[in-house]
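What follows is the residue order along each chain.
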Amino acid sequence: MPVDEPQRVAALRETAILDTPPEAEFDDIAVLASEICGTPIALVSLVDSDRQWFKARIGTDLPETGRDVSMCSYAVAGRAMIEVGDAVGDARFADSPFVTELGVRFYAGAPLMMQDGHAIGTVCVMDHEPRELTADQRRALRSLARHAAAHLELRRYAARVLDAADRLRELDRLKDSFLASVSHELRTPLSLIRGYLEVLLDDDADPDTARRFHAVMQRNADRLLRLIDDLLLVARLHEDGLKLESTSADLSELAFQVVAASRPLADHKGITVVEHTGTPIPISGDPQRLTQAFSHLMFNAIKFTPEGGRIAVAASGDDEPTLTVMDTGVGIPQADLPYLFDRFHRSRTSDLLAAQGSGVGLTIVKAIIDAHRGTITIESEPDEGTTVRVTLPRGLPCG
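None of the values given here were measured: they were computed from a predicted structure.

Visitor: Report on the environment of A312, specifying residues and quantitative values.
Guide: Along the chain, A312 turns up in strand β10 (residues 310–316). Once the C-alpha coordinates of A312 and M326 are considered, the two residues, 14 residues apart in sequence, prove to be 5.2 Å apart. Setting aside anything within four residues of it in sequence, one finds A312 in contact with V274, T324, V325 and M326.

Given below as structure tokens:
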């Protein structure tokens, strides 16, 4: 087994050539190898993780074989040409089906070397009689292998270009989605504030109504400030990274304060919030940033948990300081899980529910937890809820 096996297989897969139809440039290489070396069998062989697949073949109808019987695997592992004059007398190949069933006696294979130094296959020739290649034939076989590798390198480059184009299109889509989302997030509270101001300016509102209107405007103004702060923070993350003002803190107390601040919104939606945050849990970190991260997690849990649902928040310090937020909400599709922390990503669930949010909340949470050298994991199933776990470094005892 080659020492670079994972990277080698990855390089092969990047060419996107496996299981593709025959192509003239590779067929020509096999024909030339057979004619130059004077052998009835010639192959352009690609060695995958568990098989060798023949992109081009002369003198055999086999499309592929298992890797465990592959003669080309030895050239790939050694990243050098090998030549076997009589396979019957070679312990490596004497029991190979190529020898025992197909009657192969002679084998020579030159590896297909990619630019990053990984061998992904061979150009090889076989004969039913023992023999030996001339020096010119060996040079020609190596040259054909380099030619085939160049074709494969071009295919890998083309696949990378297509992948980059796909990513650019996805970034454009995310940008458009983000701009539409932020526009909505800004317009909604501004429209509410403007509407209440117009009513108050009519001078007909009684003091109780005015106080209620002021409270609504204050909540929407706070919402605008949070959104602007989030956007500015994301911009700073890209430019300068996240700076912390670390000190000793109590994870239980931080979690308790976040739950207390979030409870009115949960009560308004008819969601039960249960918290287990009694015992002090010392941590080292920036309390303001951690509160910001935990608040985003609570807001997400409330946002995606329907009326009558339940959210449980627990702080534990048994092994390492851990905050767990578990909800009975709508859950997250598996396809969205790898992208939850990507900037401006909004899951399909968010779009379907027309949920508030600019798509930067979890990006901010991840950046804050990473800056604390902690970890965050999210487990979720559609219609079964979501569990978020945050672990942080332990600090000095709380005093």
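Don't stop here, the text continues.
Visitor: Can you explain helix α10 (residues 361–371)? Please cite residues and give values.
Guide: Counting buried positions over the 11 residues of α10 gives 8, a clear majority of the element. Buried residues of α10: G361, L362, T363, I364, V365, A367, I368 and I369, and no others.

Visitor: With reference to specific residues and values, describe the packing of helix α7 (residues 251–268) against helix α8 (residues 287–303).
Guide: Between α7 and α8, the shortest axis-to-axis distance is 9 Å and the interhelical angle comes to 40°. Considering the angle they form, α7 stands oblique to α8. Between α7 and α8 the crossing geometry is right-handed. Packed against α7, whose contacting residues are L251, L254, V258, S262, L265 and A266, the element α8 presents P287, L290, T291, F294, S295, M298, F299 and I302 at the interface. Taken together, the residues of the contact of α7 with α8 sort by class into 11 nonpolar, 3 polar and no charged.

Visitor: Please set out the packing of aromatic side chains residue by residue, giving values where relevant.
Guide: Under the defined criterion, the tally for this structure stands at 1 aromatic pair. Ring geometry for Y74 and F93: centres 5.0 Å apart, planes at 80°, overall edge-to-face. Here the residue Y74 occupies a position in helix α3 (residues 72–78), and F93 occupies one in the loop between β4 (82–84) and α4 (97–100), the gap between them amounting to 19 residues. The class of Y74 is partly exposed, set by a relative accessible area of 37%. It is R92 that lies over the ring of Y74; its NZ or CZ is 5.4 Å from the centre.

Visitor: Can you tell me about the sheet that holds strand β11 (residues 322–327), naming the residues and giving the values?
Guide: Across the sheet, which stays open at both edges, the 5 strands sit in the order β8-β10-β11-β13-β12 with mixed pairing between neighbours. Bordering the open sheet on either side are β8 (272–276) and β12 (375–381), each of which pairs with just one other strand. For this sheet, the mean angle separating the axes of adjacent strands, direction not counted, is 10°. Here β12 pairs with strand β13 (residues 385–391) via 7 bridges, running antiparallel. Opposite I378, over in β13, you have V388 as the bridge partner. Sheet strands in contact with α7 are β8, β10 and β11, and its direction is about 170° off that of β8.

Visitor: Please give an account of unusual backbone geometry that cites residues and values.
Guide: The phi dihedral of A16 is positive, around 55°, even though this residue is not glycine. Mapped onto the elements, A16 comes out in the loop between α1 (5–14) and α2 (24–37). Phi is positive for R373, which is not a glycine, with a value near 60°. Secondary-structure assignment places R373 in the loop between α10 and β12.

Visitor: An account of the nonpolar core is requested, with residue identities and associated values reported.
Guide: Judged by nonpolar contacts, the single largest core of 38 residues is most densely connected at F294, I311 and V390. Listed by contribution, the elements that provide at least two residues to this core are α7, α8, β10, β11, α10, β12 and β13. A total of 7 residues in this core trace back to one element, the largest contributor, which is α8. Those residues in contact with F294 that sit more than four places away from it in its chain are L251, L254, V258, L323, V390 and L392. One finds A11, L18, A30 and L46 within the second-largest nonpolar core, a separate group that totals 30 residues.

Visitor: Explain the packing of α8 against α10 to me, and be specific about the residues and the numbers.
Guide: It is the contact of α8 with α10, at a shortest axis distance of 9 Å, that shows an interaxial angle of 145°. The hand of the α8/α10 crossing is left-handed. Residues R289, L290, Q292, A293, H296, L297 and N300 of α8 touch α10, and the partners they reach there are G361, L362, I364, V365, I368 and I369. Tallied by class, residues from the contact of α8 with α10 come to 8 nonpolar, 4 polar and 1 charged.

Visitor: Could you give me a rundown of the pattern of salt bridges, with the residues and numbers involved?
Guide: If you walk through the whole model with that rule in mind, you get 21 salt bridges. Among the salt bridges present, the one from R51 reaches D19, with a minimum N-O distance of 2.9 Å. One end of the pair, R51, is in strand β2 (residues 51–58); the other, D19, is in the loop between α1 and α2, and 32 residues separate them in sequence. Within the structure, one salt-bridge network assembled from shared partners comprises R13, D19, D48, R51 and E64.

Visitor: So what about the pairing of β2? Which residues, and what values?
Guide: Extensive coverage of β2 is indicated by the burial of 6 of its 8 residues. Hairpin connection, strand β1 (residues 41–47) to β2: the antiparallel pair is bridged by 3 residues. Where β2 meets strand β3 (residues 64–66), 3 bridges bridge the pair, whose relative direction is antiparallel. Bridge assignment links R51 to a residue of β3, and that residue is G66. Linking β2 to β3, which pair antiparallel, is a turn of 5 residues; within it G59 sits at a positive phi near 85°.

Cut-off values and rules
- Residues numbered from 1 in each chain as written.
- Predicted model: local features only at pLDDT ≥ 70, side-chain atom pairs only at ≥ 80, totals over all residues.
- Heavy atoms only, no water.
- Helix = DSSP H or I, 4+ residues; strand = E, 2+ residues; numbered from the N terminus.
- Contact = heavy atoms within 4.5 Å.
- Buried < 20%, exposed > 50% of the residue type's maximum accessible area, 1.4 Å probe, protein only.
- Axes fitted to C-alpha atoms, helices over the stretch in contact; angles between N-to-C directions.
- Parallel < 35°, antiparallel > 145°, perpendicular 65-115°, else oblique.
- Left-handed = near helix turned anticlockwise from the far one by under 90°.
- Nonpolar A, V, L, I, M, F, W, Y, C, P; charged D, E, K, R; others polar.
- Phe/Tyr/Trp six-rings, centres within 6.5 Å; stacked < 30°, edge-to-face > 60°.
- Lys NZ or Arg CZ within 6 Å of the ring centre and 35° of its normal.
- Pairing = 2+ DSSP bridges.
- Core = buried A, V, L, I, M, F, W, Y, C linked by side-chain atoms within 4.5 Å.
- Salt bridge = Lys/Arg side-chain N within 4 Å of Asp/Glu carboxyl O.

What is shown is where atoms sit, not what they do.
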